[in-house]
Amino acid sequence: MQPKIEFKAVTFTYHNQVKALEQVSFSIVNGETVALIGQNGSGKSTIAKLIDGLLMTTSGTVLIDGVALTENDLVKLRKEIGIVFQNPDDQIIGATVEEDVAFGLENRNLAYDEMQQRVNKALKAVGMTEYRSVSPALLSGGQKQKVSLARALALEPSILILDEATSMLDPIAKTEIKHIIKELQAKYQLTVIYITHDMEMLEKVDHVIALNHGTLIFNGKPSDLYQDQLILKQLAMQPPFTEQVKAIFKARGFNPPTEYLDDRGLTEWITKLF
Ligand SMILES: Nc1ncnc2c1ncn2[C@@H]1O[C@H](COP(=O)(O)OP(=O)(O)OP(=O)(O)O)[C@@H](O)[C@H]1O
Ligand SMILES: [Mg+2]
């Protein structure tokens, strides 16, 4: 099957000669949920910007739906991609929340009604309808993140990239937004990339891509990552609690299942022992 996104030996060097990515290759299947992880400065946001065409590779190729991202195709391909960056303050453009959400739609030749409808739907999805006439400058960090997310959703993208985009949200809003994204995925085969430091997030994804100093160090299922002590150490990550409990049982001569268990799975396994 043709990957939705493919990186082929991508190297990227910033103007100041900082090599942010070196020979990075991976592919992402259509409709997948991916976590892109790695320590600060490992190259995650650079990958997001290369997918969105904000940066062009120094060498190597980025393909979306099998088409190489070149300056010529950029306009067309970027329509496919909704991206929410780390710092919501960098993204606020409109004088009101409503204008801000509509901003990305302006160059798309949409009828006024269609535009209004999309803005309404996106604001409703993130629970910000009542703030539509407010100046974004007056919002809290989490509210700004919601507006940024609404702007990305209004584009009805086929790829959604969230660069630490839920970091300022409270637990309820975080859960709600994950739920909304899951629904969109089921409906539209949306491909989602979560750039995250949140170990909890990994349990919810199909695929993990991990970077260390600009190099790909893991590309696979979360359950395989949890078994790999060396990679976890490079990422400065602890295995999930359930994996730690499994390791204790194993050391005591028990034989826990090798596949990943969530809290519930672990409880069931332990219950069967006694
Ligand atoms: N605009 C820029 N100009 C020069 N160097 C940059 C620029 N943006 C990032 N870098 C460098 O590129 C490397 C990768 O940065 P990147 O922003 O992709 O990391 P990241 O994994 O997103 O980190 P974080 O978790 O802190 O957001 C870092 O060494 C960083 O200093
Ligand atoms: Mg970043």
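For the structure itself, consult the block above.
Residues numbered from 1 in each chain as written. Chains lettered and ligands numbered in written order. Predicted model: local features only at pLDDT ≥ 70, side-chain atom pairs only at ≥ 80, totals over all residues. Heavy atoms only, no water.

Q: Help me understand the overall build of the chain in this model?
A: When its secondary structure is counted, the chain shows 11 helices and 10 strands. A compact globule built from 274 residues would reach a C-alpha radius of gyration of about 19 Å, and the chain, at 20 Å, matches this within 12%. By sequence separation, contacts in the chain at least 24 residues apart represent 60% of the contacts at least 6 residues apart. Accessible surface, the chain: about 14300 Å² in total, of which carbon and sulfur atoms supply 51%. Across the chain, 28 positive and 34 negative side-chain charges occur, with their mean positions spaced 3 Å apart. (Helix = DSSP H or I, 4+ residues; strand = E, 2+ residues; numbered from the N terminus. Rg over C-alpha atoms; globule rule 2.2 N^0.38 Å. Contact = heavy atoms within 4.5 Å. Areas by Shrake-Rupley, 256 points an atom, 1.4 Å probe, with all protein chains shown as cover. Lys, Arg positive; Asp, Glu negative; His and termini not counted. Charge placed at Lys NZ, Arg CZ, Asp CG, Glu CD.)

Q: I tried to follow the layout of surface pockets on my own but got confused; where do I start?
A: To find the voids left in a structure, one rolls a probe of water-molecule size over its atoms. Quantified by volume, the largest pocket comes out at close to 530 Å³. In the lining of the largest pocket, the residues fall into 10 nonpolar, 4 polar and 5 charged. Of the voids in this model, the second largest pocket is the one considered here, and its volume is about 370 Å³. In terms of lining, the second largest pocket is formed by 16 residues, of which the most central are K121, A125, L153, L184 and Y188. Among the secondary structure elements, those contributing two or more residues to the lining of the second largest pocket are α4 (112-125), α5 (141-154) and α6 (171-188). (1 Å grid on protein atoms, 1.4 Å probe; cavity = no way out; pocket = protein on both sides within 12 Å on 5 of 7 lines; lining within 4 Å. Points joined across faces, edges and corners; volume = space filled by probe spheres on them. Nonpolar A, V, L, I, M, F, W, Y, C, P; charged D, E, K, R; others polar.)

Q: Please clarify how empty space enclosed by the protein should be interpreted in this entry.
A: Per the counting criterion, the structure on display carries 1 cavity of 30 Å³ or more. Reported here for the largest cavity is a volume of approximately 40 Å³. Along its surface, the largest cavity is lined by F26, I28, V34, L36, I47, I51, I193 and I209. Listing elements by their share of the lining of the largest cavity, those giving two or more residues are β2 (19-28), β3 (33-37) and α1 (44-51).

Q: Is there a simple way to explain the sheet that holds strand β8 (residues 191-195) in this structure?
A: In a beta sheet, neighbouring strands pair by backbone hydrogen bonds and run either parallel or antiparallel. If you walk across this open sheet you meet the 6 strands as β6-β7-β8-β3-β9-β10, and the pairing is mixed. The sheet is open, and its two edges are formed by β6 (81-84) and β10 (215-220), each paired on a single side. This sheet shows a mean twist of 15 degrees between the axes of neighbouring strands, independent of strand direction. Against the sheet, α5 engages β6 and β7 (159-163), with an angle of about 175 degrees to β6. (Pairing = 2+ DSSP bridges. Axes fitted to C-alpha atoms, helices over the stretch in contact; angles between N-to-C directions.)

Q: How should I be thinking about the site of ligand 1 in this particular structure?
A: Neighbouring ligand 1 are 14 residues; G41, K44, S45, T46 and Q86 lie closest to it. In this structure, a nitrogen atom belonging to ligand 1 sits 3.5 Å away from a side-chain N or O atom of Y14. The backbone of G41 places a nitrogen or oxygen atom 2.8 Å from an oxygen atom of ligand 1. Relative to its free-state accessible area of 640 Å², ligand 1 is covered by the protein chains to the extent of 66%. (Near = heavy atom within 4 Å. Polar contact = N/O pair within 3.5 Å; in protein donor to acceptor, adjacent residues only side chain to side chain.)

Q: Help me understand the packing of aromatic side chains in this model?
A: The geometry of two aromatic rings is summed up by the distance between their centres and the angle between their planes. The tally for this structure, following the rule as stated, stands at 5 aromatic pairs. Ring geometry for F7 and F26: centres 4.6 Å apart, planes at 15 degrees, overall stacked. Linking F7 in strand β1 (residues 5-13) with F26 in strand β2, this pair joins segments that are 19 residues apart in sequence. When sorted by exposure, F7 lands in the same class as F26, which is buried. These aromatic residues form a ring-pair network of at least three members: F249, F254 and W269. (Phe/Tyr/Trp six-rings, centres within 6.5 Å; stacked < 30°, edge-to-face > 60°. Buried < 20%, exposed > 50% of the residue type's maximum accessible area, 1.4 Å probe, protein only.)

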